[in-house]
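# Close look at the chain arrangement
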Amino acid sequence: EAGVAQSPRYKIIEKRQSVAFWCNPISGHATLYWYQQILGQGPKLLIQFQNNGVVDDSQLPKDRFSAERLKGVDSTLKIQPAKLEDSAVYLCASSPPRNTEAFFGQGTRLTVV
Amino acid sequence: AQSVTQLGSHVSVSEGALVLLRCNYSSSVPPYLFWYVQYPNQGLQLLLKYTSAATLVKGINGFEAEFKKSETSFHLTKPSAHMSDAAEYFCAVSDPGTGGFKTIFGAGTRLFVKA
């Protein structure tokens, strides 16, 4: 089966610009996660969707980050405006119903200059 | 609240030596525990998981981990390191919530393997 697809793989933007990342989870996976992984750290959960509803966004900096999963399938994560400290790898993952394992995409490496 | 602590941000072993990566967790409910591996410029790949069955869990690439409730530990081991094992390893804990499982990761341990 196809894995979690993310695009783009790499993005360089200037601070105060906007950027969007896209994720297509594995077919049939109800749960979708966005993680932020800063260099040298473990992934930090930003937001978790169950179908098209938000389950947890307690760690999402809502003044600049937004995410949606309108049809319960693919998802976009947006940053507006970006700051230098947003430089990180953004990982998308998905899980099937009632399953503990998260399947990860390859991530999008964002560099803010 | 659940959390994960990985002891040692860097571990270096010689090829053929024992690999031991340490992980301690806290969770208010019986946890599900995971080890993931991350190679450079790649996403995370599941090595193994504990979901309340056997306490000794065997994973891919010869890795295994033992769940010890009394010590709240889930250390990862491999009897003989190979050069290809050099990567970043993450321990994670997950417990069920109203909207599915929420997985929290440790800070990671980078494994170096010397020839």
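Preceding this paragraph is the structure being described.
A brief look at the structure comes next. As the structure is a computational prediction, the values presented were derived from the model and not from experiment.

Here is what the cut-offs are and how they apply
- Residues numbered from 1 in each chain as written.
- Chains lettered and ligands numbered in written order.
- Predicted model: local features only at pLDDT ≥ 70, side-chain atom pairs only at ≥ 80, totals over all residues.
- Heavy atoms only, no water.
- Phe/Tyr/Trp six-rings, centres within 6.5 Å; stacked < 30°, edge-to-face > 60°.
- Helix = DSSP H or I, 4+ residues; strand = E, 2+ residues; numbered from the N terminus.
- Buried < 20%, exposed > 50% of the residue type's maximum accessible area, 1.4 Å probe, protein only.
- Contact = heavy atoms within 4.5 Å.
- Buried area = accessible area lost by both parts, 1.4 Å probe.
- Salt bridge = Lys/Arg side-chain N within 4 Å of Asp/Glu carboxyl O.
- Polar contact = N/O pair within 3.5 Å; in protein donor to acceptor, adjacent residues only side chain to side chain.
- Nonpolar A, V, L, I, M, F, W, Y, C, P; charged D, E, K, R; others polar.
- Pairing = 2+ DSSP bridges.
- Axes fitted to C-alpha atoms, helices over the stretch in contact; angles between N-to-C directions.

## Topic: the packing of aromatic side chains
Two aromatic rings are characterised by how far apart their centres lie and by the angle between their planes. Within this structure, the stated rule accounts for 13 aromatic pairs over all chains. Ring centres 5.7 Å apart and planes at 45° place the aromatic pair A:Y35 and A:F104 in the tilted group. Remark: A:F104 occurs in strand β10 (residues 103–104) and A:Y35 occurs in strand β4 (residues 31–37); sequence separation between them is 69 residues. By the burial criterion, A:Y35 is buried, and A:F104 matches it. On the numbers, 6.3 Å between centres and 50° between planes, the contact of B:Y50 with B:F74 is tilted. With B:Y50 in strand β5 (residues 44–50) and B:F74 in strand β8 (residues 73–78), this pair connects stretches of sequence that are 24 residues apart. Given the relative accessible area of 0%, B:F74 is considered buried. Pairwise contacts between aromatic rings join A:Y33, A:Y35, A:F104, B:F34, B:Y36 and B:F105 into one cluster.

## Quick word on the environment of A:N51
Residues and elements named next belong to chain A. Looking at the element boundaries, N51 is found in the loop between β5 (44–50) and β6 (53–56). Overall, the relative accessible area of 40% leaves N51 in the partly exposed class. C-alpha separation for the pair N51 and L77, spaced 26 residues apart in sequence, amounts to 16 Å. Among residues more than four places away in sequence, those in contact with N51 are A30, R69 and G72.

## Quick notes on the interface of chain A and chain B
Taken together, the contact between chain A and chain B spans 26 residues of the former and 20 residues of the latter. Around 1,800 Å² of area is buried between chain A and chain B when both sides are counted, 48% of it from carbon and sulfur atoms. Our count for the contact surface shared by chain A and chain B stands at 1 salt bridge. The salt bridge involving A:E101 is made with B:K49; its shortest N-O contact spans 3.7 Å. Applying the counting rule to chain A against chain B returns 5 residue pairs in polar contact (both at pLDDT 80 or more). Going through the elements one at a time, β4, β5 and β6 of chain A are the ones with two or more residues in the side of chain A that touches chain B. The dominant element in the side of chain A that touches chain B, judged by the number of residues it contributes, is β4(A), at 4 residues. Of the residues contributing to the side of chain A that touches chain B, the split by class is 9 nonpolar, 12 polar and 5 charged.

## Some details on the sheet that holds strand β3 (residues 19–26) of chain B
All names here are of chain B. With antiparallel pairing, the 5 strands of this open sheet are ordered in space as β1-β3-β8-β7-β6. A strand with exactly one partner marks an edge of an open sheet, and here the two such strands are β1 (3–7) and β6 (56–58). Taking the axes of each pair of neighbouring strands and ignoring which way they run, one obtains an average angle of 20° across the sheet. Bridge analysis of β1 against β3 gives 5 bridges, and the strand direction is antiparallel. Across the sheet, S3 pairs through a bridge with S26, a residue of β3.

## Remarks on the environment of A:A5
Tracing the sequence through the fold places A:A5 in strand β1 (residues 5–7). For A:A5, the contacting residues outside a window of four places in its chain are A:W22, A:C23 and A:N24.

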